[in-house]
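Here's the letter readout for the chains.
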Amino acid sequence: MSPAPELHANLRRAPVQQRSAERLSRILDACAELLDETGYEDLSTRAVAQRAGVPIGSVYRFFGNKRAMAEALAARNLDRYAGMINTRLEAIDAADWRGAVDAVLDEYLVLKQTVPGFNLVDFGGPQPVSDPDADANHLLAARLAELLPAQFGRTLDADLRRTILVAVEAADATLRLAFRTNPQGDPHIVAETRQLLHAYLARTLDD
């Protein structure tokens, strides 16, 4: 399977053949594993190449530096998340916006709890970023704005975009608190996050 357009944007050269795409996937998998083991500051392209079992030139074929590699990993995470949400939405009634919000939260928790490297590089790459729109929460809100309006029964406009962004920022803050001392997320704080999202979005989606 070829990488999604968002991932292509982070590559020096997009893979054409299946073998090249598989090599890229191994490189990103190795990057994710090493992020958990060493952190971003000690991450190196050479270590990634060794872990992936590829020549260092293969890494540089796709990425100019480790930041570009981490940003590509973030783009892959976002693509994976969007796919997970789409699958969940197919089974949710179109009028059930709360069910859609629960799906968004639940699938995020799955990534947070199971995906290597996600705690350091989620959807937007290493911080800080020079472009505010490249911030992880802005990128996530923009993708959710593509996925959710039909489920919400609303037309996407500036007000709904802002509402989705505020919901993402609020959830990010409370979930950081939930995972600060519990690697699986404090279930009580996760439950509070769910209630917070329902209450905030009800102002817009229940009228």
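Residues numbered from 1 in each chain as written. Predicted model: local features only at pLDDT ≥ 70, side-chain atom pairs only at ≥ 80, totals over all residues. Heavy atoms only, no water.

Notes on empty space enclosed by the protein
- One pass over the full model with this rule turns up one cavity of 30 Å³ or more.
- Each pocket or cavity is described by its volume, and for the largest cavity that value is around 300 Å³.
- In this structure, the largest cavity is lined by 21 residues; those nearest its centre are Val-104, Leu-144, Ala-167, Val-168 and Ala-171.
- No other element matches the six residues that helix H9 (residues 158-180) contributes to the lining of the largest cavity.
- In terms of residue class, the lining of the largest cavity is built from 18 nonpolar, one polar and two charged. (1 Å grid on protein atoms, 1.4 Å probe; cavity = no way out; pocket = protein on both sides within 12 Å on 5 of 7 lines; lining within 4 Å. Points joined across faces, edges and corners; volume = space filled by probe spheres on them. Helix = DSSP H or I, 4+ residues; strand = E, 2+ residues; numbered from the N terminus. Nonpolar A, V, L, I, M, F, W, Y, C, P; charged D, E, K, R; others polar.)

As for the pattern of salt bridges
- Scanning the entire structure with this criterion turns up 13 salt bridges.
- Between Asp-79 and Arg-143 there is a salt bridge, with its nearest N and O atoms 3.0 Å apart. Residue Asp-79 is located in helix H5 (residues 66-89), and its partner Arg-143 is located in helix H7 (residues 136-147); the two are separated by 64 residues in the primary sequence. Side by side, Asp-79 and Arg-143 carry an identical accessibility label, which is buried.
- Connected via shared salt-bridge partners are Arg-88, Asp-102, Asp-106, Glu-107 and Arg-194. (Salt bridge = Lys/Arg side-chain N within 4 Å of Asp/Glu carboxyl O. Buried < 20%, exposed > 50% of the residue type's maximum accessible area, 1.4 Å probe, protein only.)

Some points on the confidence of the model for the chain
- Looking at the chain as a whole, its pLDDT mean stands at 90, while 93% of the residues score no less than 70.
- For the chain, per-element mean pLDDT is lowest for helix H1 (residues 5-8), which scores 52, and highest for helix H10 (residues 187-205), which scores 97. (pLDDT = per-residue confidence, 0-100.)

Structural notes on helix H3 (residues 45-52)
- Along H3, the residues that are buried comprise Thr-45, Val-48, Ala-49 and Ala-52. The buried residues of H3 occupy one face: seen down the axis, they fall within an arc of 100°. Opposite the buried face of H3, by more than 90 degrees, sit the exposed residues Arg-46 and Gln-50.
- Contacts from the buried residues of H3 go to helix H2 (18-38), helix H4 (56-62) and H5. (Arc of directions from axis to C-beta. Contact = heavy atoms within 4.5 Å.)

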